[in-house]
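Chain by chain, the residues run as shown.
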Amino acid sequence: RTDRQWSPRGGIVWQPTDNQSYYFSYGTSFNPSAEAYSLSAATANLPPEKNRNFEIGGKFDLFDGRLSATAALFRLEKSNARTAAPDDPNLTVLAGEQRTDGFELGLAGEILPRWDVSLTYAYLDSEVTKSNSTAVGTVSGLTKSLQGMTPVNVPAHSGVAWTSYHLTDNWEIGGGVFYATKRYTDTVNEVELPGYARLDAVLAYHQKHYDVQLNVFNLTDTVYYESGQTRSALPGVPVSGQLSVRLKY
């Protein structure tokens, strides 16, 4: 099938002083029925899903620009999400609605000479606000409406805390924590993945024309899961390393 869809977006930035700026942005997007690279009898004649995003935020430079603080407040709306037809569950119709409200805070820059830090935190309040579909709970065995449920694999809280220190002009060492709270893996919110915190580290050697970097992931070999479905989950990376070389011209 062929889908043609307008996807306008735009924004405005106001900078009252050199060390602060504020912005507002609006954008649209769409998800075609073949976004997973296949069509079925239920979706072959289905138009794309539509999305709208509103965001307002600001940036503040501190200590002569060495440190920057950012904040953003946003809403993402899916106005015609795919859902099962009420009279035939084997067919799909565009009758659902989803909404995600959230905010993000960030702090990045140099807090002391040679010492850099990056902190981010995000909060997401996601909900299926309209649905004519139902599903049987894996745990309870009860038939429940999807309306009012939290979409799958959306953590309410997530973030990164990362820091690095330049031992010399050439050597850099760093580490940080990536974390996310629990996420539901089924549409009626009876099955969930536990939250996790993963500790990573890096050692880098910098030269004018090349960088050599060693990354170590999941230093404590924590067992965690990136995402999941009702009866399965994708494990996170175990303790592992990656050595990379970057050439600069």
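Since we're looking at a predicted model, the values are computed, not measured.

Student: Which residues make up the pattern of salt bridges, and what values do they have?
Tutor: Per the stated rule, a full pass over the model turns up twelve salt bridges. Of the charged contacts, one joins Asp-101 and Arg-75 as a salt bridge, the two residues approaching to 2.6 Å between their closest N and O atoms. Remark: Arg-75 occurs in strand S4 (residues 67–85) and Asp-101 occurs in strand S5 (residues 88–112); sequence separation between them is 26 residues. Note on Arg-75: relative accessible area 32%, which makes it partly exposed. The salt bridge partner of Lys-182 is Glu-192, with a shortest N-O separation of 3.6 Å. Highlighted residues: Lys-182 in the loop between strand S10 (171–180) and strand S11 (183–184) and Glu-192 in strand S12 (residues 192–193), separated in sequence by ten residues.

Student: Before we move on, could you go through the side chain of Ser-126 and cite the residues and values that matter?
Tutor: The residue Ser-126 is located in strand S6 (residues 115–130) in this model. A residue is classified by how much of its surface remains accessible, and Ser-126, at 8% relative accessible area, is buried. Polar contacts involving the side chain of Ser-126 include one to the side chain of Thr-100, which spans 2.9 Å. Those residues within four positions of Ser-126 in sequence are excluded, and the remaining contacts are Arg-99, Thr-100, Met-149, Thr-150, Pro-151 and Val-154.

Student: How would you summarise unusual backbone geometry if you had to cite specific residues and measurements?
Tutor: For Arg-114, which is not glycine, the phi torsion reads 75° and is therefore positive. Summarising the element assignment, Arg-114 is placed in the loop between S5 and S6. Located in the positive-phi region is Asp-221, a residue other than glycine, with phi close to 55°. A relative accessible area of 41% means that Asp-221 is categorised as partly exposed.

Student: Give me the lowdown on the packing of aromatic side chains, citing residues and values where you can.
Tutor: For the coordinates displayed, the defined rule picks out eight aromatic pairs. Ring geometry for Tyr-22 versus Phe-60: centroids 5.8 Å apart, planes at 80°, classification edge-to-face. One end of the pair, Tyr-22, is in strand S2 (residues 20–31); the other, Phe-60, is in strand S3 (residues 49–62), with 38 residues separating them in the sequence. A connected cluster of aromatic rings, assembled from ring pairs, spans Trp-14, Tyr-22 and Phe-60. If you follow Arg-198 out to its NZ or CZ, it ends over the ring of Phe-178, 4.6 Å from the centre.

Student: Got a sec to walk through the layout of surface pockets? Specific residues and values, please.
Tutor: Its volume calculated, the largest pocket comes out at about 200 Å³. Arg-82, Gln-98, Val-128, Leu-146 and Thr-187 are, among the 16 residues lining the largest pocket, the residues nearest its centre. When contributions to the lining of the largest pocket are tallied by element, the ones reaching two or more residues are S4, S5 and S6. Tallied by class, residues from the lining of the largest pocket come to six nonpolar, seven polar and three charged.

Student: Can you lay out a nonpolar patch on the surface for me, pointing to particular residues and giving the numbers?
Tutor: A cluster of nonpolar side chains, Ile-111, Leu-112, Trp-115, Tyr-165, Leu-167, Trp-171, Ile-173, Leu-203, Leu-214 and Leu-243, forms an exposed patch at the surface whose accessible area comes to about 920 Å². If you trace the backbone, Leu-243 turns up in strand S17 (residues 240–247).

Reading guide: rules and limits
- Residues numbered from 1 in each chain as written.
- Predicted model: local features only at pLDDT ≥ 70, side-chain atom pairs only at ≥ 80, totals over all residues.
- Heavy atoms only, no water.
- Salt bridge = Lys/Arg side-chain N within 4 Å of Asp/Glu carboxyl O.
- Helix = DSSP H or I, 4+ residues; strand = E, 2+ residues; numbered from the N terminus.
- Buried < 20%, exposed > 50% of the residue type's maximum accessible area, 1.4 Å probe, protein only.
- Polar contact = N/O pair within 3.5 Å; in protein donor to acceptor, adjacent residues only side chain to side chain.
- Contact = heavy atoms within 4.5 Å.
- Phe/Tyr/Trp six-rings, centres within 6.5 Å; stacked < 30°, edge-to-face > 60°.
- Lys NZ or Arg CZ within 6 Å of the ring centre and 35° of its normal.
- 1 Å grid on protein atoms, 1.4 Å probe; cavity = no way out; pocket = protein on both sides within 12 Å on 5 of 7 lines; lining within 4 Å.
- Points joined across faces, edges and corners; volume = space filled by probe spheres on them.
- Nonpolar A, V, L, I, M, F, W, Y, C, P; charged D, E, K, R; others polar.
- Patch = residues over 30% accessible without salt bridge, like charges linked within 9 Å, V, L, I, M, F, W, Y side chains within 5 Å.
- Areas by Shrake-Rupley, 256 points an atom, 1.4 Å probe, with all protein chains shown as cover.

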